[in-house]
Amino acid sequence: RTRSSLATFRDPQRRELLERMLTCYCQVHRIRYKQGLNEVLAPFLHLLGPPSFTQDDAFFCLQRFVRAFLPSVFQDDDFVGLQSFFHQFSYLLMYH
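For clarity, every value in this text was computed on a predicted model and none was experimentally measured.

## A look at the packing of aromatic side chains
Here comes step 1: Scanning the entire structure with this criterion turns up 3 aromatic pairs.
Here comes step 2: Measuring from centroid to centroid gives 6.3 Å for Tyr25 and Phe59, while their planes differ by 70°, and the two rings are edge-to-face. Of this pair, Tyr25 sits in helix 2 (residues 12-28) while Phe59 is found in helix 4 (residues 55-69), placing the two residues 34 residues apart along the sequence. The residues Tyr25 and Phe59 share a single accessibility class, namely buried.
Here comes step 3: Judged by centre distance (6.0 Å) and plane angle (65°), the ring pair of Phe44 and Phe65 falls under edge-to-face. In this pair, Phe44 is assigned in helix 3 (residues 37-46) and Phe65 in helix 4, connecting sequence segments 21 residues apart.
Here comes step 4: The buried category is assigned to Phe44, whose relative accessible area is 16%.

In structure tokens, the structure reads:
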């Protein structure tokens, strides 16, 4: 379902890659998958195009992006960080 309006993400191989990278990310960081992590990874996978941007580059970007901008959103099992993020985002949309 991730970005299904884009041909890139309708490709079965790309969808499998997305799943494998998310599984690897969760294993490396010892977390369970959280809804929305696929949407964080999607823009980096959309950039894939050898030799300029590789799967390793996409994975590295995912790790750095989450660490820099979403450090607590995907870390707990109770979704507290994610719920807090969406709550703050709703206020941002409401007042801007």
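Still more to cover.
## Let's talk about a nonpolar patch on the surface
Here comes step 1: On the surface, Phe89, Leu92 and Leu93 cluster together into a nonpolar patch covering about 290 Å² of accessible area.
Here comes step 2: Within the secondary structure, Leu92 is located in helix 5 (residues 80-95).
Here comes step 3: On the basis of relative accessibility, which here comes to 44%, the residue Leu92 falls in the partly exposed class.

## Considerations on the packing of helix 2 against helix 4
Describing two packed helices takes the angle between their axes plus the distance from one axis to the other.
Here comes step 1: Direction vectors running N to C along helix 2 and helix 4 enclose 50°, while the axes themselves pass 11 Å from each other. It follows that helix 2 is oblique to helix 4 by the angle criterion. Seen along the crossing, helix 2 lies across helix 4 with a hand that is right-handed. In this structure, helix 2 uses Leu17, Met21, Cys24, Tyr25 and Val28 to contact helix 4, whose residues at the interface are Gln55, Ala58, Phe59, Leu62, Gln63 and Val66.
Here comes step 2: When the residues that make up the contact of helix 2 with helix 4 are grouped by side-chain class, the tally is 9 nonpolar, 2 polar and no charged.

Parameters and conventions
Residues numbered from 1 in each chain as written. Predicted model: local features only at pLDDT ≥ 70, side-chain atom pairs only at ≥ 80, totals over all residues. Heavy atoms only, no water. Phe/Tyr/Trp six-rings, centres within 6.5 Å; stacked < 30°, edge-to-face > 60°. Helix = DSSP H or I, 4+ residues; strand = E, 2+ residues; numbered from the N terminus. Buried < 20%, exposed > 50% of the residue type's maximum accessible area, 1.4 Å probe, protein only. Patch = residues over 30% accessible without salt bridge, like charges linked within 9 Å, V, L, I, M, F, W, Y side chains within 5 Å. Areas by Shrake-Rupley, 256 points an atom, 1.4 Å probe, with all protein chains shown as cover. Salt bridge = Lys/Arg side-chain N within 4 Å of Asp/Glu carboxyl O. Axes fitted to C-alpha atoms, helices over the stretch in contact; angles between N-to-C directions. Parallel < 35°, antiparallel > 145°, perpendicular 65-115°, else oblique. Left-handed = near helix turned anticlockwise from the far one by under 90°. Contact = heavy atoms within 4.5 Å. Nonpolar A, V, L, I, M, F, W, Y, C, P; charged D, E, K, R; others polar.

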